[in-house]
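Reading the structure
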Amino acid sequence: MSTTAPTPSPSGARMPAFYIPHGAGPCFFMDWNPPDAWDQTAAFLRGIPASLPARPTAIVLVTAHWLAPQVTLTGSARPGMLFDYYGFPPHTYELRYPAPGAPALAERARALLAGAGIAATVDTQRGYDHGTFVPLLVAFPDADVPVLQVSLLGSLNAQAHLDYGRALAPLRDDGALIIGSGMSYHNMRGYGDPRSTPISIEFDRWLTDTLALPAAERDARLAAWDTAAGPAGRLCHPPRAEEHLLPLHVVAGAAGESVGRKVFSDEVLRTTISAFRFD
């Protein structure tokens, strides 16, 4: 499989950008209680390829499970596996996602970021973490689309993530599918607690309304999400633990003027989780 930079899609179609829930650890590949807890999420992920205007030339995946001092991009032609979850069944540490990397695309992305005045680096050693390989094993099980994995910023600054997403927007016109992989609700203490249900619904409603706004207003609200969303925002994403939300900011930045819409929602572990798409 070639790892050269993507060329424009033969259809000339711009790829959409997605913010997806990646589940809990390797949840799609093990027994869960209740057994069907993640079935609807898995069905949504499996349906992504058929919803695209063309086959993506690459997947640019922003993972909640990689924080770095500056934007960091995987640069290996054959990334390995990074099993960054703990206490799960032994077979879940034997999962493999052999999709090729995209080193030339990493250099193009770094150049785009540099052009926007954003420092970025390439890591040739890091493998696919579970924010990447778990949802992609469901959505693109053939592992035949090159993958560029992208970090978040350790600063957790919301505006900075919008800015770097905006710099990567041209990749959509190259046929690259940009995916932010996180969870729209991610308070570890709140999962399974019925008191979390109305809180998660309130924040989900705020996200849905915000992403449907014109880009300037949308981005202003996202930049101030921790106050603009009211108390529900921080109850769903506690202070210094918003790494599962910020992939959405990168995707919104890359969306440009595209309007976001909710394309999936379910209640899991007493909380509402959703996915959003920008066309």
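Residues numbered from 1 in each chain as written. Predicted model: local features only at pLDDT ≥ 70, side-chain atom pairs only at ≥ 80, totals over all residues. Heavy atoms only, no water.

**Considerations on the packing of aromatic side chains**
How two aromatic rings sit relative to each other is set out by the distance from centre to centre and by the angle between their planes. The final tally for this structure, using the stated rule, is 14 aromatic pairs. When the centroid spacing of 6.1 Å and the interplanar angle of 70 degrees are considered together, the rings of F83 and Y85 count as edge-to-face. Between the aromatic rings of Y185 and Y191, the centroid separation amounts to 5.2 Å while the plane-to-plane angle is 70 degrees, which identifies the pairing as edge-to-face. Taken together, F83, Y85, F88, Y93 and F133 form an aromatic cluster joined through their ring pairs. (Phe/Tyr/Trp six-rings, centres within 6.5 Å; stacked < 30°, edge-to-face > 60°.)

**Some points on helix α2 (residues 103-115)**
The end-to-end C-alpha distance of α2, which contains 13 residues, comes to 18 Å, matching closely the 18 Å that a straight helix rising 1.5 Å per residue would cover. Buried positions along α2 lie against β2 (58-68), β3 (71-74), β4 (120-123), β5 (147-153) and α4 (158-168). Where α2 terminates, the next one or two residues include G117, which has phi positive at roughly 75 degrees. (Helix = DSSP H or I, 4+ residues; strand = E, 2+ residues; numbered from the N terminus. Expected span 1.5 Å × (residues − 1). Contact = heavy atoms within 4.5 Å.)

**Notes on the nonpolar core**
Y97, F140, L148, Y164 and F203 are the most contacted members of the largest nonpolar core, which totals 85 residues. Ranked by the residues each element gives to this core, the list is headed by helix α9 (residues 246-255), at seven residues. Discounting chain neighbours no more than four positions away, the residues touching F203 are S184, W225, A229, A232, G233, C236, H237 and L245. (Core = buried A, V, L, I, M, F, W, Y, C linked by side-chain atoms within 4.5 Å. Buried < 20%, exposed > 50% of the residue type's maximum accessible area, 1.4 Å probe, protein only.)

**A word on unusual backbone geometry**
Geometrically, the link from N33 to P34 is a cis peptide bond, its omega value of 5 degrees lying close to zero. Even without glycine at this site, R240 takes up a positive phi of about 65 degrees. Assignment of secondary structure puts R240 in the loop between α8 (231-236) and α9. A positive phi angle is found at L269, which is not glycine, with a value near 55 degrees. Assessed through its relative accessible area of 29%, L269 is described here as partly exposed.

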